[in-house]
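# Observations on the three-dimensional arrangement
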Amino acid sequence: MKTSGAVEYMNCGKSVFSRVARVCKNDLGGTRSLNAKWTSFLKARLNCSVPGLYPFHFTQIQSVSPLITSPAGEERVFAVFNTPENSITGSAVCSFSMDDIRDSFDSSPFKVQRDVNSNWLPLPQHQEPRTRPGKCHQNSRDLEDEHLNFVKENILMDRSVPSILETPHYIKTNPHERLTAIAADPGLVTTGGEVVDVLYVGTTRGRVLKLVSQGHETTLIEEIQLFPLHVSVTNILVVPQTVDNPRSGRLVVLSEHEVKSFPLARCEAADATSCGSCVGLRDPYCAWSVPSQ
């Protein structure tokens with residue numbers, strides 16, 4: 001994801017906390033101890049959690065959707081998170097605004113730890129270098145020693161990036177199945193005029209969950225068993241429909257050793273035999289033609 005001369009990317013590793021990082025595309029590295037090392041690299045925590053007196057966090061990011069841009073120009077991504085193996089089993093889908101991600105890098109205090117026995121605390125603004133770290137420069141090799149010495153030790157932002165909604169879009173707590181991958185077909189207009197995002201989420205038991213997200217409401221409308229129960233979905237890709245052929249869109253699903261695909265519009269598979277049963281699907285790809293019934 002690119003913005004203002006910088007590149008953001010999600011950390012999809014198995015670390016304790018999942019983070020998004022940013023680095024300037026023209027960062028050539030610094031001098032001396034930072035020779036051939038980034039001078040603009042910063043990272044911020046992604047907060048996917050259930051709020052409460054003691055918030056329940058989903059800390060391990062598994063997959064991120066491509067960048068989605070709304071008609072109004074707002075940019076966002078959906079992501080899948082899991083809990084650690086040694087905690088209560090759970091998975092969740094959260095979404096994040098690119099404006100919130102940028103704000104964390106541009107205005108959040110830095111998080112610092114004075115020594116290994118100290119707590120992590122926000123750094124007072126007056127202790128930052130005169131040129132705020134993380135900004136893009138025409139020549140990173142011209143940065144002052146004050147700046148370079150600071151970024152050697154301080155790259156973590158104190159303010160985490162909040163999810164767009166207060167709670168996850170979707171939560172799964174089956175101890176035998178976790179969420180693994182996500183893709184989105186955004187901005188679909190239903191026959192009623194509503195704009196929705198369709199999310200496809202893979203699981204460790206070879207399934208794809210089809211979710212419809214509109215505002216604060218996300219609904220599970222279909223569960224598709226593609227692979228055997230012991231085969232995990234590793235990746236999902238949406239091939240969008242074309243303007244001249246609305247039924248041309250397909251979903252491509254990968255396991256470690258196999259690739260499968262099927263149409264985005266699966267109205268026949270649902271076996272809707274009446275207008276009421278078709279509407280009951282709540283599937284934005286499907287509509288009942290009253291004149292042709």
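What you are looking at is a predicted structure, and each value in this text was computed from that prediction instead of being measured.

The subject of this paragraph is helix α1 (residues 98–107). Each full turn of the α-helix corresponds to 3.6 residues, which orients residues three or four apart in the same direction. Turning to α1, its buried residues number three or more, namely M98, I101, R102, S104 and F105. The buried residues of α1 occupy one face: seen down the axis, they fall within an arc of 155°.

Moving on, we come to the nonpolar core. F81 and F96 are the most contacted members of the largest nonpolar core, which has 26 residues in total. Breaking this core down by element, the ones donating at least two residues are β4 (42–47), β9 (75–82), β10 (91–97), α1 and α2 (145–153). Not counting residues within four places of it along the chain, the set of residues in contact with F81 comprises S18, L46, C48, F58, T59, Q60, I61, G90, S91, A92, C94 and F96. Counting 23 residues, the second-largest nonpolar core is a separate cluster that includes V196, L251, F262 and C267.

Attention now goes to unusual backbone geometry. Phi at A36 takes a positive value of approximately 65°, unusual for a residue other than glycine. Topologically, A36 is positioned in the loop between β3 (19–24) and β4. For A36, a relative accessible area of 67% translates into the label exposed.

Considering all chains together, one arrives at three disulfides under this definition. In this model, C24 is linked to C136 through a disulfide, with the two sulfur atoms separated by 2.1 Å. The sign of the S-S torsion, about -100°, decides the handedness of the disulfide formed by C24 and C136: left-handed. In this pair, C24 is assigned in strand β3 and C136 in the loop between β12 (121–122) and α2, connecting sequence segments 112 residues apart. One disulfide in the model links C48 with C94; its S-S distance is 2.1 Å. A torsion of 75° about the S-S bond marks the disulfide between C48 and C94 as right-handed. Residue C48 is found in the loop between β4 and β5 (49–50), and its partner C94 is found in strand β10; the two are separated by 46 residues along the sequence. For the residue pair C48 and C94, the accessibility class agrees, reading buried in each case. Taken in N- to C-terminal order, the disulfide-linked cysteines of the protein are connected 1-4, 2-3, 5-6.

Quick look at α2 now. Along α2, the residues that are buried comprise H147, L148, F150 and V151. Taken around the axis of α2, the buried residues stretch over an arc of 165°, which confines them to a single face.

Sheet topology places strand β19 (residues 235–239) next to strand β20 (residues 250–254); five bridges connect them, and they run antiparallel. By the bridge assignment for β20, I236 is matched with V253. Two strands pair when backbone bridges link them, and β20 and strand β21 (residues 259–263) are joined in this way by five bridges, in the antiparallel orientation. Within the sheet, the bridge partner assigned to V252 lies in β21 and is S261. Here β20 folds back onto β21, and the loop between the two strands holds four residues.

Now for the sheet that holds strand β15 (residues 179–189). Reading across from one edge, β15-β16-β17-β18 is the order of the four strands in this open sheet, with antiparallel pairing throughout. Looking at which strands have only one partner, the edges of the open sheet turn out to be β15 and β18 (217–225). With strand direction ignored, the average angle separating the axes of adjacent strands in the sheet is 20°.

Relative to the helices and strands, S108 resides in the loop between α1 and β11 (111–112). Residue classification places S108 among the buried residues on the basis of a relative accessible area of 0%. Here D158 takes part through its backbone nitrogen, which lies 3.4 Å from a polar atom of the side chain of S108. Here R159 takes part through its backbone nitrogen, which lies 2.8 Å from a polar atom of the side chain of S108. Sequence-distant contacts of S108, that is, excluding residues within four places in its chain, are made with D103, R132, M157, D158 and R159.

With that settled, consider empty space enclosed by the protein. Enumeration over the complete set of coordinates arrives at one cavity of 30 Å³ or more. Of the volumes computed, that of the largest cavity is approximately 40 Å³. Lining the largest cavity, in full, are C24, N26, D27, T39, S40, K135, C136, H137 and S140. Of the residues that constitute the lining of the largest cavity, the class distribution is two nonpolar, five polar and two charged.

Further remarks concern the pattern of salt bridges. Applying the stated rule across the entire model yields 15 salt bridges. Of the charged contacts, one joins R130 and E146 as a salt bridge, the two residues approaching to 3.7 Å between their closest N and O atoms. Taken together, the residues R130 in the loop between β12 and α2 and E146 in helix α2 connect sequence positions 16 residues apart. A relative accessible area of 39% means that E146 is categorised as partly exposed. The partner of D283 in a salt bridge is K210, with the nearest N and O atoms 2.8 Å apart. Placement of the pair is D283 in the segment after α3 (275–280) and K210 in strand β17 (residues 207–214), with a sequence separation of 73 residues. The same class applies to D283 as to K210, namely buried. What emerges from the salt-bridge pattern is a single network uniting K172, E177, R207 and E223.

Conventions and cut-offs
Residues numbered from 1 in each chain as written. Predicted model: local features only at pLDDT ≥ 70, side-chain atom pairs only at ≥ 80, totals over all residues. Heavy atoms only, no water. Buried < 20%, exposed > 50% of the residue type's maximum accessible area, 1.4 Å probe, protein only. Helix = DSSP H or I, 4+ residues; strand = E, 2+ residues; numbered from the N terminus. Arc of directions from axis to C-beta. Core = buried A, V, L, I, M, F, W, Y, C linked by side-chain atoms within 4.5 Å. Contact = heavy atoms within 4.5 Å. Disulfide = S-S within 2.5 Å. Pairing = 2+ DSSP bridges. Axes fitted to C-alpha atoms, helices over the stretch in contact; angles between N-to-C directions. Polar contact = N/O pair within 3.5 Å; in protein donor to acceptor, adjacent residues only side chain to side chain. 1 Å grid on protein atoms, 1.4 Å probe; cavity = no way out; pocket = protein on both sides within 12 Å on 5 of 7 lines; lining within 4 Å. Points joined across faces, edges and corners; volume = space filled by probe spheres on them. Nonpolar A, V, L, I, M, F, W, Y, C, P; charged D, E, K, R; others polar. Salt bridge = Lys/Arg side-chain N within 4 Å of Asp/Glu carboxyl O.

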